[in-house]
Amino acid sequence: MAKHTIVMIPGDGIGPEVTTSARKVLEAAGLSVEWVELPAGATALDQGYENVLPARTLAAIQAHKVAIKGPVTTPVGKGFRSVNVQLRKALNLYAAVRPVRSMPGIKTRYEDVDMVVVRENTEGLYSGIENEVVPGVVTSLKVASEGACMRIARYAFRYATRRHRKKITVFHKANIMKLTDGLFLNCARKIQEEEYPNIEYDEIIIDAGCMKLVQDPTRLDVLLMENLYGDLISDLCAGLVGGLGVVPGSNIGDDCAVFEAVHGSAPDLAGKGLANPLAVIMSGVMMLNHIHEEALGQKIKTAYDAVLREGKTLTRDLGGTAGTVEFTDAIIAKL
Ligand code: NAD
């Protein structure tokens, strides 16, 4: 097996705990890897860097093309621009892909959920263009460009085709945001009609879409949407299958890819050894598929599915009493 060089960003809060777990599982499964560990987030400032996203960390991802990242803490309403937004923009990681599926042994309201949220990652209200017009009146600009809308639509249809998915549903609010969400819809329609007629296509206004999701998520397949909607809907979808501890993610660009769970740094759990590392481990499996180590990915998936199915060693968010390390060791024992 070729040796891979992968950038490891532990992150803040529970980040170091859950990324350590992922690293242990990936190594135990037999991944031949050299880790390039670098900081981001509050941890980077603690280590003396001047920015939450040090140039060294960014350069390493550009050089090695692949990174796995723990969550980082972003101050609310003040301070540095979000590491995640900076990273996604700087590396042009335009597609966030978040598979949401029912997990064996985890009882939720629904069975057989199997969706993928594809979120545009570079524009919308995350452009960070905010202005004070006059004192007491502020605006935030929602940006949509044809290039970025076409790019994410094409990505989603190509993904659906390669993964043998049947249908793409665009969540939108084009009845109100006629220009921005209207452009997003027009681009998706065009790509489907001209390039991917093999995939069924559907649109739903996002408020009705939320109702549909909680009524019966098993009817949905691939969900495509702009940045903010994708952020919100990802967490909603996580709630349908057992919570943020079981939803992985990837941020994909044409040159680089950064794999990370949907969840944040969970300051309430940080340092307690209680966080569920599964979402980062699952993100690691997505990374293995990306670097063409599918067999290793399958091995890890089979191992964690077995641990979940047995139900003896689960973290608290999944109804068990195990800590992060115990749960990680249970997966490793099944490899
Ligand atoms: P959060 O995802 O950190 O936590 C929400 C809830 O889910 C909390 O109750 C937490 O304990 C629980 N939770 C999250 N991950 C878990 C896990 N692995 N195991 C068990 N329980 C888990 O969201 P938040 O509290 O809104 O945000 C905290 C910080 O994380 C904020 O600074 C936010 O900006 C940041 N954040 C970062 C990322 C990222 O880096 N990708 C994503 C989302 C939020």
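Please read these numbers as outputs of a predicted model, since none were measured by experiment. (Residues numbered from 1 in each chain as written. Predicted model: local features only at pLDDT ≥ 70, side-chain atom pairs only at ≥ 80, totals over all residues. Heavy atoms only, no water.)

Student: Describe empty space enclosed by the protein, with residues and values.
Tutor: Here the structure, examined in full by the defined rule, presents 3 cavities of 30 Å³ or more. Around the largest cavity, the lining residues are E120, E123, G124, K142, V143, A144, C149, T180, D181, F184, E226 and N227. Looking at the lining of the largest cavity, the element that brings in the most residues is helix α6 (residues 180-195), giving 3 residues. Residue composition of the lining of the largest cavity, by class: 4 nonpolar, 3 polar and 5 charged. What the second largest cavity holds in volume is close to 40 Å³. Contributing to the lining of the second largest cavity are V52, T73, T74, P75, F80, R81, S82 and V83. Classifying every residue of the lining of the second largest cavity gives 4 nonpolar, 3 polar and 1 charged. (1 Å grid on protein atoms, 1.4 Å probe; cavity = no way out; pocket = protein on both sides within 12 Å on 5 of 7 lines; lining within 4 Å. Points joined across faces, edges and corners; volume = space filled by probe spheres on them. Helix = DSSP H or I, 4+ residues; strand = E, 2+ residues; numbered from the N terminus. Nonpolar A, V, L, I, M, F, W, Y, C, P; charged D, E, K, R; others polar.)

Student: I'd like to hear about the packing of aromatic side chains, residue by residue, with values.
Tutor: For the structure on display, the rule yields 4 aromatic pairs. Residues F157 and Y201 carry aromatic rings whose centres are separated by 6.2 Å and whose planes lie at 40° to one another, so their mutual orientation is tilted. Highlighted residues: F157 in helix α5 (residues 146-162) and Y201 in strand β9 (residues 200-205), separated in sequence by 44 residues. Under the relative-accessibility criterion, F157 is labelled buried at 0%. The structure contains a cluster of three or more aromatic residues connected by ring pairs, namely Y94, Y155 and Y159. (Phe/Tyr/Trp six-rings, centres within 6.5 Å; stacked < 30°, edge-to-face > 60°. Buried < 20%, exposed > 50% of the residue type's maximum accessible area, 1.4 Å probe, protein only.)

Student: So what's going on with the side chain of K142? Residues and values would help.
Tutor: Its location among the elements puts K142 in the loop between β7 (137-140) and α5. Engagement of the side chain of K142 in a polar contact is seen with the side chain of D181, the distance being 2.8 Å. A polar atom in the side chain of K142 sits 3.1 Å from the side chain of E226. Among residues more than four places away in sequence, those in contact with K142 are G124, L125, M177, T180, D181, E226 and Y229. (Polar contact = N/O pair within 3.5 Å; in protein donor to acceptor, adjacent residues only side chain to side chain. Contact = heavy atoms within 4.5 Å.)

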